[in-house]
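An overview of the molecular structure
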Amino acid sequence: MVRWAESADLPGLTAVELAADGLFEQVGITFPPGTTMIEEVTDPSPVLVEGDPPDGFALVGHVDGNLHLEQLAVRPERMRRGIGGRLVAAVLDHARATGAPAVTLTTFRDVPWNAPWYERHGFHVLPAEDWGPELRALVEHERALGIDVAPRVVMSAIP
């Protein structure tokens, strides 16, 4: 069952993100050193989780008036059980409930569990000419951090 995270959930989510990030090594992607996205979160209010303790999480924010899926991670041993799909559905439901016109995200274009997976969940590639200023700045920030180690895309879905 997807629910909003509580403060007690946050410390355990780092292991979820690190384990999920480790899967990228299978496709030749190694992330630059530094903290994980969830380690930088101190307020649980923008985090949806599934499980107790959580087997997966979705971290959301706001970019250009849209809800932005900043990170989605599922424990590798719990993948392929619908957890990611339920988390994405909850993000879309939250966007609809709060009146956000769209949900955006950035992801790897060619990794099977990234862009192709999001396409199966209603997202489409958003051309650069449709990016707002905050989204453009976010993509530039990701590049500066060295996250664009493989081709990336911006995607969007209407809730």
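Our subject is the structure that appears above.
The following paragraphs examine the structure supplied in this document. Residue numbers run consecutively from 1 along every chain, following the written order of its sequence. Two thresholds apply to this predicted model, a pLDDT of at least 70 for residue-level local features and 80 or more for giving and counting side-chain atom pairs, whereas whole-chain, interface and lining totals are computed over all residues. To obtain the side-chain values, all non-hydrogen atoms of the structure were used and water was disregarded.

This part covers the overall build of the chain. Secondary structure elements are taken from DSSP: a helix is a run of H or I of four residues or more, a strand is a run of E of two residues or more, and numbering for both begins at the N terminus. Counting its secondary structure elements, the chain contains 4 helices and 7 strands. Radius of gyration: over C-alpha atoms. The globule rule applied is 2.2 Å multiplied by the number of residues raised to the 0.38 power. Whereas a compact globule of 159 residues would reach a radius of gyration of roughly 15 Å, the chain reaches 15 Å, a difference of no more than 12%. Taken along its principal axes, the extent of the C-alpha atoms in the chain is 40 × 40 × 30 Å. Counting the 159 residues in the chain, one finds 47% classified as buried. Contact between two residues is taken to exist if any of their heavy atoms lie within 4.5 Å; hydrogens are not considered. Of the contacts formed within the chain by residues at least 6 apart in sequence, a portion of 70% connects residues at least 24 apart. Surface accessibility in these figures is a Shrake-Rupley result with a 1.4 Å probe; residues are shielded only by whichever protein chains are displayed. With an accessible surface of roughly 8200 Å², the chain has 55% of that area assigned to carbon and sulfur atoms. Positive residues here are Lys and Arg, negative ones are Asp and Glu, while His and the chain termini are left out of the count. Throughout, a charge is located at the NZ atom of Lys, the CZ atom of Arg, the CG atom of Asp or the CD atom of Glu. Averaged over its 12 positive side-chain charges, the chain has a centre that lies 8 Å from the centre of its 23 negative ones. Burial classes follow relative accessibility: with a 1.4 Å probe on protein chains only, a residue under 20% of its type's maximum area counts as buried, one over 50% as exposed, and anything between as partly exposed.

Turning next to helix H4 (residues 133–145). Helix span is expected to be 1.5 Å times the residue number reduced by one. Spanning 13 residues, H4 covers 18 Å between terminal C-alpha atoms, matching the ideal 18 Å at 1.5 Å per step. When we look at burial in H4, the residues that qualify are Leu-135, Val-139 and Glu-142. The arc that holds every buried residue of H4, seen down its axis, measures 60 degrees, which confines them to one face. Opposite the packed face of H4, turned more than 90 degrees from it, sit the exposed residues Pro-133 and Ala-144. Elements that come into contact with the buried residues of H4 comprise strand S3 (54–63), strand S4 (66–74), strand S5 (103–108) and strand S7 (152–157). Just downstream of H4 lies Gly-146, where phi reads positive at about 90 degrees. Arc definition: it is the arc formed by the directions from the helix axis to the C-beta atoms.

Attention now moves to unusual backbone geometry. Of note, the amide linkage connecting Asp-52 to Pro-53 takes the cis form, showing an omega dihedral of 5 degrees. If you trace the backbone, Pro-53 turns up in the loop between strand S2 (47–51) and S3. A positive phi is found at Asp-64, a non-glycine position, where the angle reads about 55 degrees. The topology assignment puts Asp-64 in the loop between S3 and S4. Note on Asp-64: relative accessible area 28%, which makes it partly exposed. At Arg-80, a position not held by glycine, the phi torsion is positive, near 70 degrees. If you trace the backbone, Arg-80 turns up in the loop between S4 and helix H2 (83–98). Residue Arg-80 is classed as exposed on the basis of its relative accessible area, which comes to 87%.

Working definition: rings of Phe, Tyr and Trp (its six-membered ring) pair if their centres are within 6.5 Å, and the pair is stacked with planes under 30 degrees apart, edge-to-face with planes over 60 apart, and tilted otherwise. For the structure on display, the rule yields 6 aromatic pairs. When the ring of Phe-24 is compared with that of Phe-31, the centres are 5.1 Å apart and the planes differ by 75 degrees; the resulting orientation is edge-to-face. Residue Phe-31 is classed as partly exposed on the basis of its relative accessible area of 28%. A ring pair is formed by Trp-117 and Tyr-118, whose centres lie 5.1 Å apart and whose planes are at 80 degrees; its orientation type is edge-to-face.

When DSSP finds two or more bridges between two strands, those strands count as paired. Across the sheet, 7 strands lie side by side as S1-S2-S3-S4-S5-S7-S6; this open sheet has mixed pairing. Of all strands in the sheet, those with a lone pairing partner are strand S1 (2–4) and strand S6 (124–125), marking the two edges. Two strands pair when backbone bridges link them, and S6 and S7 are joined in this way by 2 bridges, in the antiparallel orientation. If you follow Val-125 over to S7, its bridge partner there is Met-155. Helix axes use the C-alpha atoms of the stretch in contact, all axes being lines fitted to C-alpha atoms, and the angles between their N-to-C directions lie in the range 0 to 180 degrees. Seen against the sheet, H4 touches S3, S4, S5 and S7 and runs at an angle of roughly 20 degrees to S5.

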